[in-house]
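# Understanding the architecture of this molecule
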Amino acid sequence: MEYNFNAIEQKWRKFWADNKTYKVFEHPEKEKFYVLDMFPYPSGAGLHVGHPLGYIASDVYARYKRLKGFNVLHPMGYDSFGLPAEQYAIQTGQHPEKTTKENIARYREQLDKIGFSFDWDREVRTSSPEYYKWTQWIFNELFDSWYNTTTDQAEPIAALIALFEQEGNATVTAVHDHPEVFTAADWNTYSELKKEEVLQNYRLTYLADSWVNWCPALGTVLANDEVINSVSERGGHPVEQKLMRQWSMRIKAYAERLLTGLNELEWTDSIKDMQRNWIGKSKGASVFFSLSQKNASQPSIEVFTTRPDTIFGVSFLVLAPEHPLVDEITTPEFAEAVAEYKRVASLKSERDRQSDVKNITGQLTGAKVIHPFTGAEVDIWIADYVLATYGTGAVMAVPCGDQRDWDFATHFSIPITNIFQDKDISEAAYTEKDAVIANSDFLNGLEAKAAIEKAIEVIEQKGIGKGKTNYRLRDAVFSRQRYWGEPFPVYYQGGIPKTIAVEHLPVILPEVEKYLPTEDGQPPLGNATVWAWDTVSNTVVENSRIDNQTIFPLELNTMPGWAGSSWYFLRYTDPTNASEFASKAAVDYWKNVDLYIGGSEHATGHLLYARFWTKFLFDRGYIPFEEPFQKMINQGMILGRSSFVYRNSEGQYISKGKLAGNEIPIHVDISLVDNDQLDIEGFKNWRSDYANAEFILEDNGTYICGSEVEKMSKSKFNVQTPDELVEKFGADTLRCYEMFLGPIEQAKPWDTKGINGVSNFLRKLWRLFNIDENGIAQLDSGEPTKDNLKTLHKTIKKVTDDLERYSFNTCVSNFMICVNELTEQKCNNKYILDQVVIMLSPYAPHIAEELWQRSGNEAGTVTTALFPVFNEEYLVESSIEYPVSFNGKMRFKIALAATLSVKEVEQAVLTSSEAAKYLEGNTPKKVIVVPGKIVNIVL
RNA sequence: GCGGAUGUGGUGAAAUUGGUAGACACGCCAGACUUAGGAUCUGGUGCCGAGAGGUGUGCGGGUUCGAGUCCCUCCAUCCGCACCA
């Protein structure tokens, strides 16, 4: 009986669905294992063969862990809020919810064909109100928390308010943006509005004016990566820097823990380094430079430097054009020039400023500071090489020790003081830290390391600054001027943001007429007519009823894409809970993700934010762990293999072997090409302009195409969908082949040619079972042979070892070797084949179920079987074939009894007739015998 | 510029602790079979050479009895970051 994969796969898909084979529950007596794939965004294009690669690997591992006796949580869901659905809605007027549902249905259909062991009863969608109710709840929790740097954790805001009432803020140790000091008495006289303004500077999510990339044409804020050459990536509209009132997340509070937490994670070094780099820790000092003018609102300018040892080399100060003090300190004669410089700078995105390094610009402000040690007057410049968002937005320029400062000083002919002993700075700054400091009073004669310590000590003594650690990580802007996202659970009472209590959540996304911003520039939710909060009925009501007494306007922004994906792995543990984000029992049992598989493109986005929220929820006692994803594998991209035909100047199509070299390659649909050979008739029918194509063929009359490895894309006609391959070869073959292609983390080209080999392997396996015309496997239920057992146990060992180190590709090779050997041994022993089927079932679950059943086992029980256990006894050999090398070169092999000692082996090898040929009568200088492995003779 | 990763046959790759380089597949060559199939089976296939043999893991050095594996230098490709004071 033939292997009919279509019928078999359909049968088992139905069986698994009907029997809820993969449904899981908490079993406190069983050890848990949590395997998770990164949340897919359900795009309209559906899946190509690259997408399921990670899903297959995680599914293989999940199934393997189940067979090893673990209680495995392996869920799937959708990150279903997002821009593409909204853009589509703007274009077509269709509600994003509708297209999102359609896309999810298509994804599900495709996923179902591949035989995944997901517990679909745990599916979550970030756009469903049952889910985002809890995203809104987490937002509230962040709003109601502050970061205590003494206990080094987030704590309830109520405790902070109590402190303010008793002691003011002088003794409070917090991560905050509130430089002013107030007493308890001050606090108690503050109005409610003033109190809230103060609290905003402490809350972990807060409203603040922040600089953003604002695109007026699109009516929204854009992320840095959505802006290219100061125009929007989408549509090419101008983008400007704008100060906007936005919700932000005080992720800076977690900078140090996000950094140190990386050390215990089993992630790749490259991802950890990207996060370290993003967090950007640097140690140094903040120093205050007193302004010469005494009429400014602040007496001094604070700079951050990592080289306080070079303070005697300061020749000027530079502020970012956006620095809040600029307008105030600029002298009248420079006011116009400064205003113009600021205007030009505001038109550039931050990215442009950074890419435009060569072009040195700056503007003198006329203001001066006093050098704290020399007493000299130092000019203050503004320049866009100083970033408003890093440090204090101001630097002390030391041209002799910093290349940017050197370039700036040279460009504007500012004198450069050399404070390094015997270092030439005429051509460039000296940036190494090994120079001895000179011309620097109390720092003279010290090297950087000692000088930095000494400088900080003196600066602190003088009270003009202190040692400080700075992080590049910025607070994350959390508002989006978009429709298709989570609404904030926030209304405004006299300008004061108030959150809506959890018992009244979710605040459901309102209906709008159109998904564009309003005419007066409000976000799309400004179009909603029913978008006001009634604090009496605790419901959303018509805007017309807003009276600012009991009915108030709701927040018009929505949350960004990363909100829902920052905690979804928690929801899977208890996906339908209506009274909590997840029950304590569920999160305590399932804990964090043991194995997380997904692309590396989320290195500094999702993976950082999810870690932030996890640490926060841990601090507040909701979950018992601090890191969401313990082990992570980043699957490589599967690239397409494009095919080309070549057209010459006369319009003829030249086969690859006949090229003259001046032909133009043209992408041709890969479905028209088999093994590089073009289906000529198909090509002519493909497009009307090819109908009368003339060909110059190979001598054997075929047309051979060229090929190239490129990203899969529609425009290159090289997209391969999993659906077609499941249709042609079956899901089991596709699963095995995707794993067989190569190491999971490596990018590799997709080449359908190789799939035949895997398909043959499964057919060969099928034949081992001697299935008769009644569909029953004719197997020998007697004792297996020694060879059978040896093959089996060799395979058990290899497959177990390989799976434990996530080497999915070599497992498939080992299954092939196993089946080849059993075929050669003409093995049809039931015990052996049952064990093989169990081992194979994570890779090829449908055929495994079928063979298991046909061999006389109970249907469906292969998923609950136990993974075979390796027994070394079956591999013990009585004789070992030693490779014999001369000077490290293998010359011949000799079979010797395994019991021989090192001396005996040496003796046996040296006296063998084979060895005589290579010894040529000489006595070897040395003989190395590695027992059981190798013999090396040194001549 | 800085950081990370990767370089092995015609192709995808394997070699887990330094111990037979190229397992397993694809492709290719030769053959068998015939319900002519994307079927199955047999043999061959790193390169040079008729052969003996030589040579071979990006290049060049080094350590070692022995190096794809360890060390140094360089080259190439990919990814990330890039005025971060």
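Counting from 1, residues in each chain are numbered in the order their sequence is written. Each chain is given a letter, starting from A, and each ligand a number, starting from 1, according to the order in which they appear as written. For a predicted model such as this one, the threshold for reporting local features is a pLDDT of at least 70, and the threshold for listing and counting side-chain atom pairs is 80 or more; totals across whole chains, interfaces and linings nevertheless cover every residue. Note: side-chain values were computed over all heavy atoms of the structure, leaving out hydrogens and water.

## Examining the overall build of chain A
When helices and strands are tallied, chain A shows 29 helices and 36 strands. Viewed in the frame of its principal axes, chain A has a C-alpha envelope of about 100 × 85 × 75 Å. For the exposure calls, accessible area comes from a 1.4 Å probe over protein chains only, and a residue counts as buried if that area is under 20% of its type's maximum, exposed if over 50%, partly exposed in between. Burial analysis of chain A (939 residues in total) assigns 52% to the buried set. When checking whether two residues touch, look at their non-hydrogen atoms; a contact exists if any pair is within 4.5 Å. Residue pairs in contact within chain A that sit at least 24 positions apart in sequence constitute 70% of those at least 6 positions apart. In this count, Lys and Arg are taken as positive residues and Asp and Glu as negative ones, while His and the chain termini are left out. The location of each charge is read from NZ of Lys, CZ of Arg, CG of Asp or CD of Glu. Where the 96 positive side-chain charges of chain A centre and where its 128 negative ones centre are 4 Å apart. In this description a helix means any DSSP run of H or I spanning at least four residues, a strand means any run of E spanning at least two, and both kinds are numbered starting from the N terminus.

## A word on the side chain of His48
Position of His48 among the secondary structure elements: in the loop between strand E1 (32–37) and helix H2 (52–67). By the criterion applied in these results, polar contacts are pairs of N or O atoms within 3.5 Å in which, for protein atoms, one can donate a hydrogen and the other can accept it, and in which residues neighboring in sequence qualify only through two side-chain atoms. One polar contact links the side chain of His48 to the main-chain amide nitrogen of Gly50, over a distance of 2.9 Å. With near-sequence residues (within four places) excluded, His48 lies in contact with Met712, Val719, Gln720, Thr721 and Pro722.

## Brief notes about the pairing of strand E19 (residues 496–499)
Any two strands with at least two DSSP-identified bridges between them are counted as paired. In the sheet, strand E18 (residues 490–493) pairs with E19 via four bridges, with the strands oriented antiparallel. Residue pairing across strands places Tyr491 opposite Lys498, the latter belonging to E19. Between E18 and E19, which pair antiparallel one after the other, the connecting turn spans two residues, and Gly494 there sits at a positive phi close to 55°.

## A short note on the pattern of salt bridges
Close approach of charged atoms lets side chains of opposite charge pair. Within this document, salt bridges are pairs made up of a side-chain nitrogen of Lys or Arg and a carboxyl oxygen of Asp or Glu, the two lying within 4 Å of each other. What the rule picks out here adds up to 44 salt bridges. For the salt bridge of Arg545 with Asp534, the shortest nitrogen-to-oxygen distance reads 3.5 Å. Of this pair, Arg545 sits in the loop between strand E21 (539–541) and strand E22 (551–553) while Asp534 sits in strand E20 (residues 532–534), and the two are eleven residues apart along the sequence. Among the residues examined, Asp534 registers a relative accessible area of 6% and is labelled buried.

## Some remarks on the packing of aromatic side chains
Classification of ring pairs rests on two measures: the distance between centres of Phe, Tyr or Trp rings, Trp counted by its six-membered ring, which must be within 6.5 Å, and the angle between planes, read as stacked under 30 degrees, edge-to-face over 60 and tilted in between. The full count for this structure, using the stated rule, is 70 aromatic pairs. Grouping aromatic residues by their ring pairs yields a cluster made of Phe139, Phe143, Trp247, Phe478, Phe488, Trp562, Tyr609 and Trp613. Our definition puts a charge over a ring when NZ of Lys or CZ of Arg is within 6 Å of the ring centre and also within 35 degrees of the ring normal. Cation over ring: Arg108 sits above Trp120, and NZ or CZ is 3.8 Å from the ring centre.

## Focus on the environment of Pro665
Mapped onto the secondary structure, Pro665 falls in strand E27 (residues 664–668). For Pro665, a relative accessible area of 45% gives the class partly exposed. Taking C-alpha positions, Pro665 is 8.3 Å from Gly706, a pair spaced 41 residues apart along the chain.

## Considering the confidence of the model for chain A
Put simply, chain A has an average pLDDT of 90, and 97% of its residues get 70 or more. The ipTM for the predicted assembly is 0.94, set against a pTM of 0.92. For every residue, the pLDDT score states the predictor's confidence, bounded by 0 at the bottom and 100 at the top.

## Concerning the nonpolar core
The definition of a nonpolar core used throughout is a set of buried Ala, Val, Leu, Ile, Met, Phe, Trp, Tyr and Cys residues joined through side-chain atoms within 4.5 Å. Counting 86 residues, the largest nonpolar core has Met739, Leu765, Phe769, Phe808 and Tyr843 as the members making the most contacts within it. Beyond its immediate chain neighbours, meaning those up to four positions away, Phe808 contacts Ala57, Val60, Tyr61, Met739, Ile744, Leu803 and Tyr843. Of all hydrophobic cores here, the second largest spans 85 residues; its members include Trp134, Leu142, Leu262 and Met632.

## Section: the sheet that holds E1
Strand order across the open sheet formed by four strands is E2-E1-E23-E24, with parallel pairing between neighbours. Looking along the sheet, the strands with just one partner apiece sit at the ends: strand E2 (71–73) and strand E24 (629–634). On average, each strand axis in the sheet is tilted by 20° relative to the strand beside it, whichever way the strands run. Taken together, the three bridges between E1 and strand E23 (residues 593–598) define a ladder with parallel strand orientation. Bridging across to E23, Asp37 finds its partner in Ile597. Against the sheet, H2 makes contact with E1, E2 and E23, and its axis sits at roughly 170° relative to E1, the strand it touches most. In this analysis, axes come from line fits to C-alpha atoms, helices being fitted only over the stretch in contact, and the angle between any two N-to-C directions falls in the range 0 to 180 degrees.

## Re a nonpolar patch on the surface
Patch membership requires more than 30% relative accessible area and the absence of a salt bridge. Residues of like charge join within 9 Å; the nonpolar side chains Val, Leu, Ile, Met, Phe, Trp and Tyr join within 5 Å. The method behind every accessible area is Shrake-Rupley, applied with a 1.4 Å probe, and residues are considered shielded solely by the protein chains displayed. The grouping of Ile928, Val930 and Ile934 at the surface amounts to a nonpolar patch, some 190 Å² of accessible area in total. With respect to the element layout, Ile934 can be found in strand E36 (residues 934–938).

## Brief notes about the sheet that holds E20
With respect to topology, three strands assemble into an open sheet ordered E21-E20-E22, the strand pairing being antiparallel. Strands with a single pairing partner mark the edges of an open sheet, and in this sheet they are E21 and E22. Shown here is a sheet whose adjacent strand axes are inclined to one another by a mean of 35°, direction ignored. Alignment of E20 against E22, held across three bridges, turns out to be antiparallel. Along E22, the bridge assignment pairs Ala532 with Pro553.

## With respect to unusual backbone geometry
Cis geometry is found at the peptide bond from Leu505 to Pro506, where omega equals 0°. Within the secondary structure layout, Pro506 lies in the loop between E19 and E20. Residue Asn770 is not a glycine yet carries a positive backbone phi of 45°. Assignment of secondary structure puts Asn770 in the loop between helix H23 (755–768) and helix H24 (786–804). The phi torsion at Lys826 lies on the positive side, around 50°, for a residue other than glycine.

## Focus: the domain arrangement of chain A
Interface size is commonly expressed as the accessible area that is lost once the parts come together. Boundaries between domains were set according to an automatic or database domain assignment. The domain boundaries assigned to chain A delineate domain 1 (5–130 + 565–634), domain 2 (281–471), domain 3 (638–711) and domain 4 (877–938). Centre-to-centre separation of domain 2 and domain 4, based on C-alpha positions: 72 Å.

## Thoughts on helix H27 (residues 845–854)
In terms of burial, H27 is largely enclosed, as nine of its ten residues are buried. Those residues of H27 that sit buried are Pro845, His846, Ile847, Ala848, Glu849, Glu850, Leu851, Trp852 and Arg854. Buried residues in H27 make contact with helix H1 (5–19), H2, helix H22 (731–740), H23 and helix H26 (830–840). Positive backbone phi, at 100°, marks Gly856, one or two positions downstream of H27.

## Comments concerning H22
Counting buried positions over the ten residues of H22 gives nine, a clear majority of the element. Among the residues making up H22, those that are buried are Ala731, Asp732, Thr733, Leu734, Arg735, Cys736, Tyr737, Glu738 and Met739.

## Some details on the state of the cysteines
Put simply, a disulfide is two cysteine sulfurs that come within 2.5 Å. Taken as a whole and judged by the stated rule, the model has zero disulfides. Its sulfur unpaired, Cys811 is 10 Å from the next cysteine sulfur, which belongs to Cys736.

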